[in-house]
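Read off the chains here:
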Amino acid sequence: PRARPRMRAVLAALPEPGPPLGAEAAAALRRSLVEGSPGFEVLDGGASSQVLRFRLTGRATFGIPPEADLAEPPYSVDVDAMNRELVGLVNMAQGGAFLALGSAAGDHGRPC
């Protein structure tokens, strides 16, 4: 019962979305996520999308090929747990809902 007013207050405090990024700025943002450290993967390539979907994997940082299943040995990484923790830390630092969690099938048919 008390959660609804609190959630409404959090949602009301969210800033309005800014203007859409131009194609060049969106491409630069995608590159910085993929090439930077700790290593994110962009989950969709739609240049016209207003939502950027990404996940932390560390593939680029540790030289792990895209076809390798991170959940299987020798990696045995729970990518979902890692990303849940990341979302929680970012949202806590931002003082409310900032990043959201979701799920989908990746390019290789594995959940992501």
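See the structure above.
Residues numbered from 1 in each chain as written. Predicted model: local features only at pLDDT ≥ 70, side-chain atom pairs only at ≥ 80, totals over all residues. Heavy atoms only, no water.

Novice: Honestly, the environment of Val 42 in this entry has me stumped. Any pointers?
Specialist: Mapping Val 42 onto the fold places it in strand E1 (residues 40-42). Counting along the chain gives 11 residues from Val 42 to Arg 53, while the straight-line C-alpha distance between them is 5.9 Å. Once residues within four sequence positions are removed from consideration, Val 42 is found in contact with Arg 30, Val 34, Leu 52, Arg 53 and Phe 54. (Helix = DSSP H or I, 4+ residues; strand = E, 2+ residues; numbered from the N terminus. Contact = heavy atoms within 4.5 Å.)

Novice: What am I meant to see in helix H2 (residues 23-35) here?
Specialist: In an α-helix there are 3.6 residues to a turn, and that puts residues three or four apart on one side. Between its first and last C-alpha atoms H2 spans 18 Å; for 13 residues at 1.5 Å apiece the expected length is 18 Å, and the two agree. Taken as a whole, H2 has its buried residues at Ala 26, Arg 30 and Leu 33. For H2, the buried positions fall inside an angular range of 65° around the axis, keeping them on one side. Summarising the geometry of H2, the exposed residues directed more than 90 degrees from the buried face are Glu 24 and Glu 35. In this structure, the buried residues of H2 make contact with E1 and strand E2 (54-56). (Expected span 1.5 Å × (residues − 1). Buried < 20%, exposed > 50% of the residue type's maximum accessible area, 1.4 Å probe, protein only. Arc of directions from axis to C-beta.)

Novice: Whenever I open this one, the pattern of salt bridges confuses me. Can you help?
Specialist: One side chain can pair with another of opposite charge once the charged atoms of both are near each other. Inspection of the entire model under this criterion finds two salt bridges. Among the salt bridges present, the one from Glu 41 reaches Arg 55, with a minimum N-O distance of 3.3 Å. Taken together, the residues span a long stretch of sequence, with Glu 41 in strand E1 and Arg 55 in strand E2 at a distance of 14 residues. The same class applies to Glu 41 and to Arg 55, which are both buried. (Salt bridge = Lys/Arg side-chain N within 4 Å of Asp/Glu carboxyl O.)

Novice: Which parts of the structure should I look at to understand the environment of Leu 43?
Specialist: When you line up the elements, Leu 43 lands in the loop between E1 and E2. In sequence terms Leu 43 and Phe 54 are 11 residues apart; their C-alpha atoms lie 5.2 Å from each other.

Novice: I would appreciate a short explanation of the side chain of Asn 83 in the present structure.
Specialist: Mapped onto the secondary structure, Asn 83 falls in helix H4 (residues 79-94). The exposure class assigned to Asn 83 is buried, which follows from its relative accessible area of 11%.

Novice: Which parts of the structure should I look at to understand unusual backbone geometry?
Specialist: Of all residues except glycine, most have a negative phi; of all peptide bonds, most are trans. The omega angle of the peptide bond from Pro 73 to Pro 74 is 10°, so this bond is cis rather than trans. Residue placement: Pro 74 occurs in the loop between helix H3 (59-62) and H4. With phi around 50°, Ser 76 is a residue other than glycine that occupies positive phi space. Here Ser 76 is to be found in the loop between H3 and H4. Since its relative accessible area comes to 49%, Ser 76 is described here as partly exposed.

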